[in-house]
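Structural overview for review
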Amino acid sequence: MEPIRVVQMGLGAVGCGIAQTAMGRSQLQMVGAIDVDPAKVGRDLGELLGVEEALGIPISASLGDVLASQPVDVVLQATGSHIPDVVHQLKEIAEAGCDVVSTCEELAYPWLRHPELAHEIDAKARECGVTILGTGVNPGFVMDTLVLVATAVCSGIRRIESRRIVAARERRLALQQKIGSGMEQAEFRQLAARDEIGHVGLRESFYLIAAGLGWEIPAAQETIEPVFAEERIPTEDFDIVAGQVAGIHQTVHGASEGRELMLDLTMSMAAAASQDSIKIEANPPMHVEVVGGTHGDQATWSMVANMVPRVAAAPAGLLTMLDVGLPRAIG
C-alpha cells in the first residue's frame, strides 16, 4: 500500500510530538505542517522538532498553502480542546476532502456539550465524504476505550470504576498550570465555578462508555476539588508551599437501573506515582491495573498516529472510538 499522506496542524508541544511520532510510522508520510504562529511559518519542520537535518517540509500558515503543492489524505489536528474553537478548521479540512484525527477532547463524544455543532460537522463530513475522529489518551483510551475492551469478557455488569492518578511532577509545565498548581484555594474555586479549570473530556469519557454499553444514565454528577500540598513541593519552574493547590481531584458518577459507573481522576504535583486501574463488578469480575500509569503525552502522540489507517478506512462522518474498529499500533 502507498503511505498515507498526513499533515500536522498545530505545532505546540503536543502537535510536535505527534508529528515526530507519525514520521516514525512506515505507513504514514508527513507531507506538510501548519501553524498560525508567524514565528513558525516558513521554517523547516525539522528545525522545530530539533532534528539535525532539514526535512524539506516548510511550515505553512494554512491548509490551502499545503494543498497548493501536493495532495493530502489525513490532517492531524492539535489546535484546541473545545469544539467551538476548532469547528471552522474541521469544516475547512472536510471541504478540502481530507480526513481528520483530532486531539480536541470534546470531540471524543461531541454530542454531549455541542449537539448542534456536532450535527453540522457530521453533515459536512458526510457531504464531503471524509471521516473526523477525536481521540487521544484521555479521553480516547485510558478511561473509556480500554474500559470498554475490558468489559468484553463480562456479563451482568453491576458497577464499573475507572481510576487514574497522574503524578504531575513528571509532566509538562502547561499541564501543571492547567491543574492549578501553586494557586490559593479561593482562586481555584472561582475558576472551577466558571468551568475554567480542570481536565477537559472526563464527562465525554463517561458518556462514551455509557453509549458503548447501551446504558442510559441521564443525570451524571461531576465534581472538581483541589488537592492541597501538605508540604513544600519544589519544581524546576516554581515552588508550591504547604496549603496551596497541588492539583485536582475530578469525578463523574452516575447510576441507573441497578448499574453504576464511576470515573475518578487525580492529577497532582503531590502524587508519588502515576497509576491507572479499572474495576468491573460482573461475571466474571475484572481488575486491570497499569503500574506506573499511561504517559499522557507519549500515549497521545502514538494514539493519533496509530489511528490514521483506521480513520482512512472508516465510513464518512463524525465518528467516535466506538465506530472505527480495534485500535492498535501500526508499523
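Preceding this section is the structure that the text describes.
Residues numbered from 1 in each chain as written. Predicted model: local features only at pLDDT ≥ 70, side-chain atom pairs only at ≥ 80, totals over all residues. Heavy atoms only, no water.

Some points on the packing of helix α1 (residues 13-22) against helix α10 (residues 296-313)
Stated formally: To get an axis, a line is fitted to the C-alpha atoms, and for a helix only the part in contact is used. The angle between two axes follows their N-to-C directions and goes from 0 to 180 degrees. Strands are runs of DSSP state E lasting at least two residues, helices are runs of H or I lasting at least four, and both sets are numbered from the N terminus onward. In these notes the angle categories are as follows: under 35 degrees is roughly parallel, over 145 is roughly antiparallel, 65 to 115 is roughly perpendicular, and the rest is oblique. Left-handed describes a crossing whose near helix is turned anticlockwise from the far helix by less than a right angle; the clockwise case is right-handed. Contact between two residues is taken to exist if any of their heavy atoms lie within 4.5 Å; hydrogens are not considered. Lys, Arg, Asp and Glu make up the charged group, whereas Ala, Val, Leu, Ile, Met, Phe, Trp, Tyr, Cys and Pro make up the nonpolar group; the residues left over, Gly among them, are polar.
Where α1 contacts α10, the axes come no closer than 8 Å and their chain directions differ by 55 degrees. Our classification of the angle between α1 and α10 gives oblique. For the pair α1 and α10, the sense of crossing is right-handed. The segment α1 lies against α10, with Ala-13, Val-14, Gly-17, Ile-18, Thr-21 and Ala-22 engaging Thr-300, Trp-301, Ser-302, Val-304 and Ala-305. The residue inventory of the contact of α1 with α10, partitioned by class, reads seven nonpolar, four polar and no charged.

Notes on the sheet that holds strand β5 (residues 99-102)
In plain terms, the rule: Pairing between strands is defined by DSSP: at least two bridges between them are needed.
Taken together, seven strands build an open sheet; the order of strands is β3-β2-β1-β4-β5-β6-β15 and the sheet is parallel. Single-partner strands in this sheet number two, and they are β3 (59-60) and β15 (317-319). As paired strands, strand β1 (residues 4-9) and strand β4 (residues 74-77) are joined by four bridges and run parallel to one another. Note that in β4 the partner of Met-9 across the bridge is Gln-77.

A look at the sheet that holds strand β11 (residues 245-256)
With mixed pairing, the six strands of this open sheet are ordered in space as β8-β11-β12-β7-β13-β14. This sheet does not close on itself; its edge strands, each paired only once, are β8 (221-228) and β14 (286-291). For this sheet, the mean inter-axis angle between neighbouring strands, taken without regard to orientation, is 10 degrees. Where β8 and β11 come together, eight bridges link them in antiparallel fashion. Looking at the pairing, Glu-222 lines up with Val-252 of β11. Of the strands in this sheet, β8 and β11 are in contact with helix α8 (residues 185-193), which crosses β8 at around 160 degrees.

A short note on the nonpolar core
Within soluble globular proteins, side chains that are nonpolar tend to cluster in buried spots. Definition in use: We define a nonpolar core as any set of buried Ala, Val, Leu, Ile, Met, Phe, Trp, Tyr and Cys residues linked to one another through side-chain atoms lying within 4.5 Å. Burial classes: relative accessible area under 20% of the type maximum marks a residue as buried, over 50% as exposed, and values in between as partly exposed (1.4 Å probe, protein chains only).
Counting residues in hydrophobic clusters, the biggest one holds 73 residues, and the most contacted among them are Val-6, Leu-28, Leu-76, Phe-206, Leu-261, Ile-280 and Val-308. The contacts of Leu-28, once residues within four sequence positions are left out, are Pro-3, Ile-4, Val-6, Ala-22, Ala-305, Val-308 and Ile-330. In terms of nonpolar packing, the next biggest core, distinct from the first, is built from 24 residues, Val-86, Ile-93, Ala-94 and Ala-125 among them.

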